[in-house]
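# Coordinates in review
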Amino acid sequence: AARMAQIASRAGVSKGTIYLYFESKEAVFRALVREMLVPRLDEAASLMRGHKGPMGPLLATILRNLGAFVSTSDRVVLPKMVIAEAGNFPDLARIYREEMIERGLALFGSVIETGIENGEFRALPVDHAVRLCIAPLLLAAIWRTTFGSLDASPYDYAGLIETHIETLLKGLAA
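As the structure is a prediction and not an experimental result, all values here were calculated from the model. (Residues numbered from 1 in each chain as written. Predicted model: local features only at pLDDT ≥ 70, side-chain atom pairs only at ≥ 80, totals over all residues. Heavy atoms only, no water.)

Tallying each qualifying case throughout the model produces seven salt bridges. Across the pair Glu 102 and Arg 97 runs a salt bridge whose closest N-O atoms are separated by 2.4 Å. Given the relative accessible area of 35%, Glu 102 is considered partly exposed. In this structure Arg 97 comes out as partly exposed when scored by relative accessible area, which is 39%. (Salt bridge = Lys/Arg side-chain N within 4 Å of Asp/Glu carboxyl O. Buried < 20%, exposed > 50% of the residue type's maximum accessible area, 1.4 Å probe, protein only.)

Here we take up the packing of helix H8 (residues 126-146) against helix H9 (residues 157-172). The interhelical angle for the contact between H8 and H9, taken along N-to-C directions, is 165°, at an axis separation of 11 Å. For the element pair H8 / H9, the angle class is roughly antiparallel. Relative to H9, the crossing made by H8 is right-handed. Counting all contacts with H8, which are made through Ala 129, Leu 132, Cys 133, Pro 136, Leu 137, Ala 140, Trp 143 and Arg 144, the residues of H9 involved are Tyr 157, Leu 160, Ile 161, His 164, Leu 168 and Leu 172. Tallied by class, the residues present in the contact of H8 with H9 amount to 12 nonpolar, one polar and one charged. (Axes fitted to C-alpha atoms, helices over the stretch in contact; angles between N-to-C directions. Helix = DSSP H or I, 4+ residues; strand = E, 2+ residues; numbered from the N terminus. Parallel < 35°, antiparallel > 145°, perpendicular 65-115°, else oblique. Left-handed = near helix turned anticlockwise from the far one by under 90°. Contact = heavy atoms within 4.5 Å. Nonpolar A, V, L, I, M, F, W, Y, C, P; charged D, E, K, R; others polar.)

On to the packing of helix H3 (residues 25-36) against helix H6 (residues 77-85), then. Between H3 and H6, whose axes approach to 11 Å, the crossing angle comes to 150°. Here H6 runs roughly antiparallel to H3, going by the angle between their axes. Two packed elements cross with a definite hand, and for H3 against H6 that hand is left-handed. Every residue of H6 that contacts H3 at Phe 29, Leu 32, Val 33 and Met 36 is listed here: Leu 78, Met 81 and Val 82. Counted by class, the contact of H3 with H6 contains seven nonpolar, no polar and no charged residues.

This paragraph deals with the side chain of His 164. Summarising the element assignment, His 164 is placed in helix H9. With relative accessibility at 9%, the residue His 164 sits in the buried group.

Under the 1.5 Å per step criterion, the end-to-end length of H8 is 30 Å for 21 residues, consistent within 8% with the ideal 30 Å. Those residues of H8 that sit buried are Val 126, Ala 129, Val 130, Cys 133, Pro 136, Leu 137, Ala 140 and Ala 141. Check the buried side of H8 and you find it contacts helix H5 (55-72), helix H7 (90-117) and H9. (Expected span 1.5 Å × (residues − 1).)

Relative to the helices and strands, Asn 65 resides in helix H5. Residues Asn 65 and Leu 41, spaced 24 residues apart in sequence, show a C-alpha to C-alpha distance of 9.9 Å.

In this section: the nonpolar core. Among the nonpolar cores identified, the biggest contains 43 residues, and Phe 29, Leu 59, Ile 62, Phe 108, Ile 112 and Leu 172 are the most heavily contacted of them. Those elements that provide at least two residues to this core are H3, helix H4 (38-49), H5, H6, H7, H8 and H9. Those residues in contact with Leu 59 that lie beyond four places of it in its chain are Phe 108, Val 111, Ile 112, Phe 121, Cys 133, Leu 168, Leu 169 and Leu 172. (Core = buried A, V, L, I, M, F, W, Y, C linked by side-chain atoms within 4.5 Å.)

What follows is the structure in structure tokens.
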């Protein structure tokens, strides 16, 4: 719900300067997502492009990399913000869906489909399997940004990701 003047003030520039670079708040949000989160997906896509061999280890590497980001970066507040504000600002949800969710679903879908094609993974609905890949990462981001400061001791996000990988790969196994 921030106004462009507030965004400009927080950035230390004039409102006119913001409009030189961004035509709207939606454009600011799109740039924020592209700058803060999309590079993580680009790294994962790069791993996929250069990968030869079984998909299980690749899937595990991608999940570990994204899990490390979720467990350490302050940038993971964006999904929580989108979820919280989607009803009031549907364009935020649409932008996040276009920039992050669709790309993430496609990436994980490609890994799962390749694993099914090469006989490593059993045939199952890919659209469900990709959401199962992503769900613990999203939960970790929401938990960390909402409840993490209330935990009696720091939560073991790396352990969560390793447990997720083990469970997921056993469930996908042919």
